[in-house]
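Residue-level listing of the chains:
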Amino acid sequence: LSIRQWMDLWNRDPREWFIELRDRPKRFDKALWQRAIRLWNNELPRESGSTSVQELSHVPFVAKDLYDVTGEVTACSSGVLLSAGGAKVSPAVEPAWLVGRLLEAGAVCAGRSNMNEFAYGLDGRNTRTGDCPHPLDRRRISGGSSSGSAWAVASGVVPFALGTDTGGSIRLPAALCGLYGLRLGWDASRLEGVFPLAHSMDTVGWFTARPEDMELLVNLII
């Protein structure tokens, strides 16, 4: 479904919208799904409280696992942060800049996508969570480090997903998975709430499968 189709579905039948979102993992092999998606929120969306026009009303997206989302643990798909030594990682108290901007526009963060551990790599491989497969051929790689986000969009799970790009981590998986990918220019304020790889080079961005969805997001965010 495109961004517009998700919005139309909510306006037409919120119950069907929820069923459609809730049941999406059932369409995939569980082991395959968990190699791409670390967390899936099977719940009704929380109201943003915003009084602005909802440009993305109830459109689901997934965030790469280094974006802060309020109430969730940002684990960077890392065994070190998830469970090493029994250490506990506190949930985020506020969202990263890009996540917050999307929530203000009415979008719904439906889950968190797996990635190369700490975003260190370009192949989507991860010994902790499993190697993220290519959306068309599980024997091949999806590219990384924003691997799970690319898989989620190319597989039709969500119309767009967030990634980051330091040395190609949006551009490479977009190319390998046949997607439109955009990395915004470097801006320190945009990196607030994003776990760093190389702060002076890190950038935020997203994937879409449709040019009209990319155009809509560009006009909204930039």
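Further up the page is the structure itself.
Draft legend 1. Representation of the environment of Gly 193 within the structure. Mapped onto the secondary structure, Gly 193 falls in the loop between strand S5 (180–183) and strand S6 (203–208). In this view, Gly 193 contacts Leu 66, Tyr 67, Asp 68 and Ala 96; residues no more than four positions away in its chain are not counted.

Draft legend 2. Seen up close, the packing of helix H5 (residues 97–104) against helix H8 (residues 211–221). Packing of H5 against H8 leaves a shortest axis separation of 11 Å and a crossing angle of 105°. The angle between the axes of H5 and H8 places the two elements in the roughly perpendicular class. Of H8, the residues touching H5 (which contributes Trp 97, Leu 98, Arg 101 and Leu 102) are Leu 217, Leu 220 and Ile 221. By residue class, the composition of the contact of H5 with H8 is six nonpolar, no polar and one charged.

Draft legend 3. Representation of the packing of aromatic side chains within the structure. One pass over the structure, following the stated rule, counts eight aromatic pairs. Centroid distance Phe 28 to Trp 33: 5.6 Å. Interplanar angle 35°. Geometry classified as tilted. Assessed through its relative accessible area of 6%, Trp 33 is described here as buried. Pairwise contacts between aromatic rings join Phe 28, Trp 33, Trp 40 and Trp 151 into one cluster.

Draft legend 4. Representation of helix H1 (residues 3–12) within the structure. Those residues of H1 that fall on the buried side of the exposure criterion are Ile 3, Trp 6, Met 7, Leu 9 and Trp 10. Looking straight down H1, one finds its buried side chains confined to an arc of 160°; they lie on one side. In H1, the exposed positions that point more than 90 degrees away from the buried face belong to Asn 11 and Arg 12. Buried residues in H1 make contact with helix H2 (14–22), strand S2 (60–64), strand S4 (160–165) and H8.

Draft legend 5. Region of the structure containing the sheet that holds S4. Taken together, the six strands give an open sheet; going across it, the order is S1-S3-S2-S4-S6-S5, and neighbouring strands pair in mixed fashion. Strands at the two margins of the open sheet, each flanked by one partner only, are strand S1 (37–40) and S5. Along the sheet, successive strands turn relative to each other by an average axial angle of 25°, direction set aside. Sheet topology note: the S5/S6 ladder contains four bridges and is antiparallel. Paired with Gly 181 across the bridge in S6 is Phe 207.

Definitions and cut-offs
Residues numbered from 1 in each chain as written. Predicted model: local features only at pLDDT ≥ 70, side-chain atom pairs only at ≥ 80, totals over all residues. Heavy atoms only, no water. Helix = DSSP H or I, 4+ residues; strand = E, 2+ residues; numbered from the N terminus. Contact = heavy atoms within 4.5 Å. Axes fitted to C-alpha atoms, helices over the stretch in contact; angles between N-to-C directions. Parallel < 35°, antiparallel > 145°, perpendicular 65-115°, else oblique. Nonpolar A, V, L, I, M, F, W, Y, C, P; charged D, E, K, R; others polar. Phe/Tyr/Trp six-rings, centres within 6.5 Å; stacked < 30°, edge-to-face > 60°. Buried < 20%, exposed > 50% of the residue type's maximum accessible area, 1.4 Å probe, protein only. Arc of directions from axis to C-beta. Pairing = 2+ DSSP bridges.

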